[in-house]
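Summary of structural features
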Amino acid sequence: MQPVAWVRVSTQTILSIHHRMVTENARITLSYNDHRTWFLHIRNVQETDRGWYMCQINTEPMTSQKGYLQVVVPPKVIEEESSMDLIVKEGSDMVLQCKAQGYPEPYIMWRREDGLDINYNGITGKNILDMNVVDGEKLMIRKISRLHMGSYLCVASNGVPPTRSKRINVTVHFPPMLMIPNQLEGARIGDYSKLECHSEANPPSINYWTNERGDMIVSGSRFLDDKIRTGYVCKMILHISNVSVADFSSYRCVAVNALGETDGIIKLYEITTAVESSNEILFESENYKYSVNVTEVTDYLDETKGAIYDNVTSYVSSSHTLAHSFVLYLILISIKDNLLNIV
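What counts and what doesn't
- Residues numbered from 1 in each chain as written.
- Predicted model: local features only at pLDDT ≥ 70, side-chain atom pairs only at ≥ 80, totals over all residues.
- Heavy atoms only, no water.
- Patch = residues over 30% accessible without salt bridge, like charges linked within 9 Å, V, L, I, M, F, W, Y side chains within 5 Å.
- Areas by Shrake-Rupley, 256 points an atom, 1.4 Å probe, with all protein chains shown as cover.
- Salt bridge = Lys/Arg side-chain N within 4 Å of Asp/Glu carboxyl O.
- Helix = DSSP H or I, 4+ residues; strand = E, 2+ residues; numbered from the N terminus.
- Buried < 20%, exposed > 50% of the residue type's maximum accessible area, 1.4 Å probe, protein only.
- Pairing = 2+ DSSP bridges.
- Disulfide = S-S within 2.5 Å.
- Phe/Tyr/Trp six-rings, centres within 6.5 Å; stacked < 30°, edge-to-face > 60°.
- Lys NZ or Arg CZ within 6 Å of the ring centre and 35° of its normal.
- Axes fitted to C-alpha atoms, helices over the stretch in contact; angles between N-to-C directions.

Turning our eyes to something else, we now look at a nonpolar patch on the surface. Taken together, the side chains of Ile 14, Ile 17 and Val 22 make up a nonpolar region of the molecular surface, amounting to roughly 210 Å² of accessible area. The topology assignment puts Val 22 in the loop between strand 3 (20-21) and strand 4 (28-33).

Below, the structure is given as structure tokens:
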């Protein structure tokens, strides 16, 4: 029976000779079967164990056989060489970096945690693309906007499970901006009215309303300042119940944060009561009422109908006779002008 030896080829280190272990590495052991089959065992395999191993039989000439031990390592993100959570100002450039190690060398890709596409313009910044996945260790976005805000995942994989990922939260700061759905709102006395402003800001803004004099409006018996926040968007709603004459005015919605301030104005106006019937149009207020009998009501917006004004009847309280006689005169002048326009 010829002696058998195991050798580490890269270092020419003899590991065993026949029944005796030579190496001092306790992880390496030897076994054999009827001295015909010899096994080299390596416990707790490490990357340093990767390489060629050779079994030698001391014959003349020497007989040998080599085998390669491939040691694969799952990916691992190198925290100290990768980006941390980031705060950037809107309009500036952003670069995220992710480093990983493993064997084979890990492949790295970027994606948004919420599944949305990345509005990506690459290293050169020339072409803007909506991409679900971006490859490479670096993710660069030029002229970042609030739409880029969110959590980004750096995903490292090399075919050896498990795949590893790192979450990087990107926060975009920008000054407030306002959007007003309706700058003019109408209401009747005694009705309920609602004024609405939408603001966007990050850091979150302080939002409030002021009246025409500049006084801040505080929620009370008739006014309710309501705010609905969703992310960096704040919907400001000013509820006004039991509208009075004094409420017909301008209202200012204001949004302020550390980066700036902005405001917008909404005008609340009175809707005059007008009751239309087949033979009269009735204008009325607290102390007077005017009844204009007509053969047909005129639509002054599109001038599609004509009208014949038969007579005008007024009812005025005694304390306002002179003032409302003047109002009646203005109505008659208006009727005359409208008839001329129709003709």
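Don't stop here, the text continues.
Moving on, we come to the pairing of strand 24 (residues 250-257). With six of eight residues buried, strand 24 lies mostly within the body of the structure. Bridging between strand 21 (residues 206-210) and strand 24 involves five bridges; their strand directions are antiparallel. Counted as the bridge partner of Thr 210 is Arg 252 from strand 24. For strand 24 and strand 25 (residues 260-270), the ladder comprises eight bridges, and the chain directions are antiparallel. Considered in strand 25, the bridge of Arg 252 is made with Ile 265.

What follows covers the state of the cysteines. Applying the stated criterion across every chain, the model contains two disulfides. Disulfide pairing places Cys 197 opposite Cys 253 at an S-S distance of 2.1 Å. On the sign convention where negative is left-handed, the bridge of Cys 197 and Cys 253, at about -65 degrees about the S-S bond, is left-handed. A residue pair is termed long-range when its members are at least 10 positions apart, and Cys 197 in strand 20 (residues 193-202) and Cys 253 in strand 24 qualify at 56 residues. Taking the relative accessible area as the measure of exposure, Cys 253 reaches 0% and is therefore buried. Taken in sequence order, the bonded cysteines of the protein chain link in the pattern 1-2, 3-4. Of all cysteine sulfurs, the one in Cys 197 lies closest to Cys 234, which takes part in no disulfide; the gap is 9.9 Å. Judged by relative accessible area, Cys 234 falls into the buried class, the value being 1%.

The next point concerns the packing of aromatic side chains. For the structure on display, the rule yields three aromatic pairs. Consider the rings of Tyr 32 and Trp 38, whose centres lie 4.8 Å apart with planes at 35 degrees: the pair is tilted. Take Trp 38: its relative accessible area is 11%, and that puts it in the buried class. Of note, Lys 66 hangs over the ring of Trp 52, and the distance from its end group to the ring centre comes to 5.2 Å.

So, on to the sheet that holds strand 1 (residues 4-8). Across the sheet, five strands lie side by side as 3-2-1-6-7; this open sheet has antiparallel pairing. Each edge of the open sheet carries a strand with a single partner, namely strand 3 and strand 7 (63-69).

It is worth spelling out the sheet that holds strand 25 at this point. Within the open sheet, the four strands sit side by side as 19-25-24-21. Their pairing is mixed. In the strand order of this sheet, the two ends are held by strand 19 (184-187) and strand 21, each with one partner. In this sheet, neighbouring strand axes are inclined to one another by 25 degrees on average, regardless of whether the strands run parallel or antiparallel. Both strand 19 and strand 25 contribute to a ladder of four bridges, which runs parallel. Note that in strand 25 the partner of Leu 184 across the bridge is Lys 267.

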